[in-house]
Amino acid sequence: MFGLEKSAGQQEPGRSGGLPKMASVGDFNVLSSSIPATKVELSVSCRNLLDRDTFSKSDPICVLYTQAIGNKEWREFGRTEVIDNTLNPDFVRKFIMDYFFEERENLRFDFYDVDSKSPNLSKHDFLGQMFCTLGEIVGSQGSRLEKSIVGIPGKKCGTVIVTAEELGCCRDSVLMQFCANKLDKKDFFGKSDPFLVFHRSNEDGSFTICHKTEVVKNTLNPVWQAFKISVRALCNGDYDRTIKVEVYDWDRDGSHDFIGEFTTSYRELSRGQSQFNVYEVINPKKKGKKKKYVNSGTVTLLSFLIETEVSFLDYIKGGTQINFTVAIDFTASNGNPSQPTSLHYMNPYQLNAYGMALRAVGEIIQDYDSDKMFPALGFGARLPPDGRVSHEFALNGNPQNPYCHGIDGVMEAYYRSLKSVQLYGPTNFAPVINHVARYAASVKDGSQYFVLLIVTDGVISDMAQTKESIVNASKLPMSIIIVGVGPAEFDAMEELDGDVVRISSRGRFAERDIVQFVPFRDYIDRSGNHVLSMARLAKDVLAEIPEQFLSYMRVRGIKPSPAPPPYTPPIHVLQTQI
């Protein structure tokens, strides 16, 4: 009724999140590059909604909109059920969303008092709305955001409480090991070189490859190494979905010979090593031709161990704070700020390259920083009054307290500094890296993680010292993002990134990769649509942070703190639900 059929990415009322039936939520290709970090389920409650009905209380519904990155257009994502006659609804129907740390997902929750069965929202009374980002909800304490409802001038519209819950089915991984016996001999001179290929079945009956084992050479009785795979990749969280396993004989030329296949499911495999998990390998062609055909060998499950992965969100929910520091390159190679050719050009009508990079990355990170106070530093300038060169000065002019409020405060301090300092040199990164490292070294218990954003034109003078600083910092809870602006060759920055060759200094290698470099020019939209380029920039810059964060926690054996207890709404008079 009311046109409230289950929309994509939603579940039936009353079904708890993360159960096998989640399979219908958008199929996910394990080999694709944009796998969501996770899925989150949003629960919505309101308190003290406006009363629009004369003889009874309002009959509220919540409608969620998401915003497209490019054109900023709001699109309806889904609706809750209608709850009759209450100003304090706790909606049962959830919104299930893909969550990417590196993307800023703007959300709008609209509330209506439903007066008829019409799905057309204009036919119902508007009760107000609330704007936020998905990161703001996740980054709030206990992933519970409480905000005032706005939108009706002069009226108090009440409050909305949105809670984010990470869905469990994304989280389990399985460690499995298989062996085989008496497989068909396929090679003329030796025995077979067998390997297994696992496929997950899709909603439409097709199959998607999700794992290949290694090849075991010259044997008909191979024992493959144990391998780990996420439950989502294996069966998309649906425990009864078919898993097809093919057995091949490896050939150097790539024309691997098909030995046979069998099917199973997560539920069957989860019984572990038993007579149920010995599978006959069947070759349908042979079976069709030979009357006496039995099988082409057997495959046996040797072990099955479920592991629940801890995620970036677990730490954030447990109270880990992300501390964001900005460092800006004020060296003379950027050009005179009063000239349009300068990367620091103070254009009254649009952001310069530095401003764009700061805002794009800062707006994402600030959702995870509870106090929204960011130290903002500059390097490579001569400072008033005596003209001394500094490689770590506070943009707000206060070395004792270099904090700026929010990304707007950082931008303001940046523009103020441009007017007072003289761009100079050399370009030394090590002092600002060491500055943040000193703070990171004092909090190694997992309660805080530090992210340093360096925005630079890429002409570096202290390469050896910077490498040394990065190798030292790789042991600390910190990551470094370098955004290169301008037309320079960024070979030195690529070297610091360490994605291809792990960075080293005087024979010591970095314990983990903590630097991410992106050249800003790759993100400037030819049409001048800065928003699109900023969204792509932020995505590429921040995508590695959760894994860098987790690698630190794993190496140190730091587990997430328990999240605060979930919010329990006060008990209300029984509500009828449609």
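Residues numbered from 1 in each chain as written. Predicted model: local features only at pLDDT ≥ 70, side-chain atom pairs only at ≥ 80, totals over all residues. Heavy atoms only, no water.

A. Spatial organisation of the overall build of the protein. Check the secondary structure of the protein and you find 12 helices and 28 strands. Per-residue burial over the protein gives 53% buried out of 578 residues. A separation threshold of at least 6 residues defines the contact pool for the protein, and within that pool the share at least 24 residues apart is 72%. With an accessible surface of roughly 26400 Å², the protein has 52% of that area assigned to carbon and sulfur atoms. (Helix = DSSP H or I, 4+ residues; strand = E, 2+ residues; numbered from the N terminus. Buried < 20%, exposed > 50% of the residue type's maximum accessible area, 1.4 Å probe, protein only. Contact = heavy atoms within 4.5 Å. Areas by Shrake-Rupley, 256 points an atom, 1.4 Å probe, with all protein chains shown as cover.)

B. Main features of unusual backbone geometry. Omega for the bond connecting Pro384 with Pro385 falls within 30 degrees of zero, at 0°, which places this linkage in the cis form. When you line up the elements, Pro385 lands in the loop between strand 19 (381-383) and strand 20 (388-390). Of note, the amide linkage connecting Gly425 to Pro426 takes the cis form, showing an omega dihedral of -5°. Relative to the helices and strands, Pro426 is located in the loop between strand 23 (422-423) and helix 8 (430-441). In this structure, Asn48 takes a positive phi of about 60° despite not being glycine. Here Asn48 shows up in the loop between strand 1 (38-47) and strand 2 (60-67). Judged by relative accessible area, which is 55%, Asn48 ranks as exposed. In this model, Arg506 sits at a positive phi of 50°, which is unusual for a non-glycine residue. As for its position among the elements, Arg506 is in the loop between strand 26 (504-505) and strand 27 (508-509).

C. Structural view of the pairing of strand 5 (residues 106-113). Counting buried residues along strand 5, 8 of its 8 residues qualify, which places the element largely inside the surrounding structure. Note that strand 2 and strand 5 share 7 bridges and pair antiparallel. Within strand 5, the residue paired with Leu64 across the bridge is Phe109. Relative to strand 6 (residues 125-133), strand 5 runs antiparallel, the two sharing 8 bridges. Note that in strand 6 the partner of Phe111 across the bridge is Gly128. (Pairing = 2+ DSSP bridges.)

D. Here's a closer look at the packing of helix 6 (residues 353-365) against helix 7 (residues 406-420). Taken N-terminus to C-terminus, the directions of helix 6 and helix 7 make an angle of 160°; their axes are 10 Å apart at the nearest point. Relative to helix 7, helix 6 is oriented roughly antiparallel. Crossing of helix 6 over helix 7 shows right-handed handedness. Contact residues: helix 6 offers Tyr354, Gly355, Leu358, Arg359, Gly362 and Glu363, while helix 7 offers Ile407, Asp408, Val410, Met411, Tyr414 and Tyr415. Residue composition of the contact of helix 6 with helix 7, by class: 7 nonpolar, 2 polar and 3 charged. (Axes fitted to C-alpha atoms, helices over the stretch in contact; angles between N-to-C directions. Parallel < 35°, antiparallel > 145°, perpendicular 65-115°, else oblique. Left-handed = near helix turned anticlockwise from the far one by under 90°. Nonpolar A, V, L, I, M, F, W, Y, C, P; charged D, E, K, R; others polar.)

E. Spotlight on helix 9 (residues 463-473). Among the 11 residues in helix 9, 8 count as buried, and that is most of the element. Residues of helix 9 that are buried make contact with helix 8, strand 25 (478-484), helix 10 (491-497), strand 26, strand 27 and strand 28 (515-519).

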